[in-house]
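One-letter residues, chain by chain:
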Amino acid sequence: MKTKEIKQGLGLLAFLGFLLVSGTAKGQSLGFSGQAIGWTTLNPAEPFQAQAGLRYIPELSFSLPTGKFTIDGEFSANLWASGTYANDTTGIDRELSPYRMWVRFSGDQFELRAGLQKINFGSAQMFRPLMWFDYIDPRDPLQLTDGVYGLLGRYYFLNNANIWLWGLYGSDKVKGWELIPSKKNSIEYGGRVQLPLYTGEIAATYHHRTADPGPVLPDSLTLGETAPENRFALDAKMDLAVGLWFEGAISHQNFQFSQTNYKTMLNVGMDYTFGLGSGLHVMSEAFGYLQGEKAFGNEEQIWFGLLSASYPVSLIHNLSLMFFYDFTNSNFYRFINWSIAYDRWSFYVMGFWNPDTYNLYNVDPRTSLYGGWGFQLMAVFNH
């Protein structure tokens, strides 16, 4: 259990309670909600693997209007446990940690949010070069992801342009597409400018951090070296006859022990809803991941294609399919999800058929067994 983070969460919770009981502003509110999740995964391929798990995310939120401004916040925890059977052995994993823990001060055209929060942006839908701070697997129907500790400010202009500025507290855990974590207790910073463009928008993004390979590579290789990393990105999205988007990002790390310090990710995609029945939504993306000695170098590269379709069978039932193709290794990834939604309950029946060596997303092996073929059942209760 993350004792320090839990204590921080309890301190924030006490602060929220103080605001609410001592505040005199009209319209203040306090809410409590939660999400309970149960799942089981079976992977009959050799070797046989199975997993069962439970997760609960309780959430306390508050809102305190103060004249022209509002102070609001959220505190939620991530409580989960799973048991996995693989290679004739059984393993138990469990965790209790903060999930969200932030306070926000906002007005009509700005917001300032501090604490453990989710920060994501960009135009791509599935293969996201701008997945810098979140960890969302597009096949996860709940879109759960850990947050980051930081301060985020956003200002919205009247013409729909907006500016983002952030500072993050460095952690020794990787996030997004990172293979090397940040230097612990360091400060990361960056920003984003987003402008309207015809029927859509275009944006430029920058982020700086100090990368520390110590937690993942031996000192005999790195000699204790850390290095600055700079990331630059450009993305755009427009709604024409079809939805079109582009997203590209490049990063540079100046490590002496590596010759491929430049990483480039590119994505182009489109989507369209056909007027068949209740509406058939089809989406396609192409994605490239390149590493090289120079900017846009491709000494190492991998290319993926995606085709997905979603159809609302009724108000309760929805069917979606995803097909990924690894052009570099000539591998297919297939995923199907049948969802059933009621007022508070949701049920998911998911099947997958993938290569035995899974090389698609950096999924958490503790809560997924997506290599080979199998199926997953999930039940979700919201209160």
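Rules of the game
Residues numbered from 1 in each chain as written. Predicted model: local features only at pLDDT ≥ 70, side-chain atom pairs only at ≥ 80, totals over all residues. Heavy atoms only, no water. 1 Å grid on protein atoms, 1.4 Å probe; cavity = no way out; pocket = protein on both sides within 12 Å on 5 of 7 lines; lining within 4 Å. Points joined across faces, edges and corners; volume = space filled by probe spheres on them. Helix = DSSP H or I, 4+ residues; strand = E, 2+ residues; numbered from the N terminus. Nonpolar A, V, L, I, M, F, W, Y, C, P; charged D, E, K, R; others polar. Buried < 20%, exposed > 50% of the residue type's maximum accessible area, 1.4 Å probe, protein only. Pairing = 2+ DSSP bridges. Phe/Tyr/Trp six-rings, centres within 6.5 Å; stacked < 30°, edge-to-face > 60°. Lys NZ or Arg CZ within 6 Å of the ring centre and 35° of its normal. Salt bridge = Lys/Arg side-chain N within 4 Å of Asp/Glu carboxyl O. Core = buried A, V, L, I, M, F, W, Y, C linked by side-chain atoms within 4.5 Å. Contact = heavy atoms within 4.5 Å. Polar contact = N/O pair within 3.5 Å; in protein donor to acceptor, adjacent residues only side chain to side chain.

Another aspect to go through is the layout of surface pockets. If you add up the space inside the second largest pocket, you get close to 520 Å³. What lines the second largest pocket is a set of 29 residues, among which Met 126, Pro 138, Gln 143, Met 283 and Met 322 lie closest to the centre. Going through the elements one at a time, strand E13 (280-292), strand E14 (300-311), strand E15 (317-326) and strand E16 (331-341) are the ones with two or more residues in the lining of the second largest pocket. Broken down by element, the residue count for the lining of the second largest pocket peaks at four residues, all from E15. Tallied by class, residues from the lining of the second largest pocket come to twelve nonpolar, twelve polar and five charged.

Looking now at the pairing of strand E7 (residues 162-169). Of the two faces of E7, only the one carrying Asn 162, Trp 164, Trp 166 and Leu 168 is buried; Ile 163, Leu 165, Gly 167 and Tyr 169 on the other face are not. The pairing of strand E6 (residues 148-156) with E7 spans seven bridges and is classified as antiparallel. Counted as the bridge partner of Arg 154 is Trp 164 from E7. Two elements, E7 and strand E8 (residues 187-197), share eight bridges in a ladder whose sense is antiparallel. Considered in E8, the bridge of Gly 167 is made with Tyr 189.

As a further point, take unusual backbone geometry. Positive phi outside glycine occurs at Asn 185, with the angle close to 70 degrees. Within the secondary structure, Asn 185 is located in the loop between E7 and E8. A relative accessible area of 47% means that Asn 185 is categorised as partly exposed. Although it is not a glycine, Ser 330 adopts a positive phi angle of roughly 55 degrees. Here Ser 330 is to be found in the loop between E15 and E16.

This part takes up the pairing of E16. Of the pairings in the sheet, the one linking E15 to E16 comprises ten bridges and is antiparallel in character. Counted as the bridge partner of Asn 318 is Ser 339 from E16. Where E15 folds back onto E16 in an antiparallel hairpin, the turn is made up of four residues, including Ser 330, whose phi is positive at roughly 55 degrees. Bridge count for E16 against strand E17 (residues 345-353) is eight bridges, and the pairing is antiparallel. The partner of Trp 338 across the bridge, within E17, is Val 349. Linking two consecutive strands that pair antiparallel, namely E16 and E17, is a turn of three residues.

Let us now look at the packing of aromatic side chains. Here the structure, examined in full by the defined rule, presents 24 aromatic pairs. Consider the rings of Tyr 206 and Phe 232, whose centres lie 5.1 Å apart with planes at 45 degrees: the pair is tilted. Of this pair, Tyr 206 sits in strand E9 (residues 200-211) while Phe 232 sits in strand E10 (residues 227-239); the two residues are 26 residues apart in sequence, bridging distant segments of the chain. We classify Tyr 206 as partly exposed; its relative accessible area is 25%. Ring geometry for Tyr 325 against Phe 332: centres 4.7 Å apart, planes inclined by 55 degrees, an arrangement best described as tilted. On the basis of relative accessibility, which here comes to 24%, the residue Tyr 325 falls in the partly exposed class. In this structure an aromatic cluster arises from ring pairing among Phe 127, Trp 177, Phe 287, Phe 304, Phe 324 and Tyr 333. Directly above the ring of Trp 102 sits Arg 113, whose terminal nitrogen or CZ lies 5.5 Å from the centroid.

This paragraph deals with the pattern of salt bridges. Oppositely charged side chains are able to pair whenever their charged atoms sit close together. This model, assessed by the stated rule, comprises twelve salt bridges. Between Glu 111 and Arg 104 there is a salt bridge, with the nearest N and O atoms lying 3.2 Å from each other. Between Asp 134 and Arg 128 there is a salt bridge, with its nearest N and O atoms 2.8 Å apart. A single burial state applies to Asp 134 and to Arg 128, both of which are buried. When salt bridges with common partners are traced through the structure, they connect Lys 175, Glu 178, Glu 188, Arg 209, Glu 229 and Arg 231 into a single cluster.

Membership of the largest hydrophobic core comes to 29 residues, with the highest contact counts inside it found for Ile 37, Phe 127, Leu 142, Phe 287 and Met 378. For this core, the elements supplying multiple residues, two or more each, are strand E1 (29-43), E13, E14, E15, E16, E17 and strand E18 (373-382). In this structure, Ile 37 is in contact with Gly 53, Leu 54, Arg 55, Leu 142, Leu 144, Met 378, Ala 379 and Val 380, ignoring residues within four places of it in sequence.

Next up on the list: the environment of Ala 295. Mapped onto the elements of the fold, Ala 295 is located in the loop between E13 and E14. Along the sequence, Ala 295 and His 252 sit 43 residues apart, while their C-alpha atoms lie 8.1 Å from each other. When near neighbours in sequence (up to four residues on either side) are disregarded, Ala 295 contacts Ile 250 and Tyr 262.

By the element assignment, Asp 235 lies in strand E10. Side chain to side chain, Asp 235 and Ser 123 meet in a polar contact 2.8 Å long. Those residues in contact with Asp 235 that sit more than four places away from it in its chain are Gly 122, Ser 123, Leu 130, Arg 192, Glu 201, Ile 202, Ala 203, Thr 205, Phe 246 and Glu 247.

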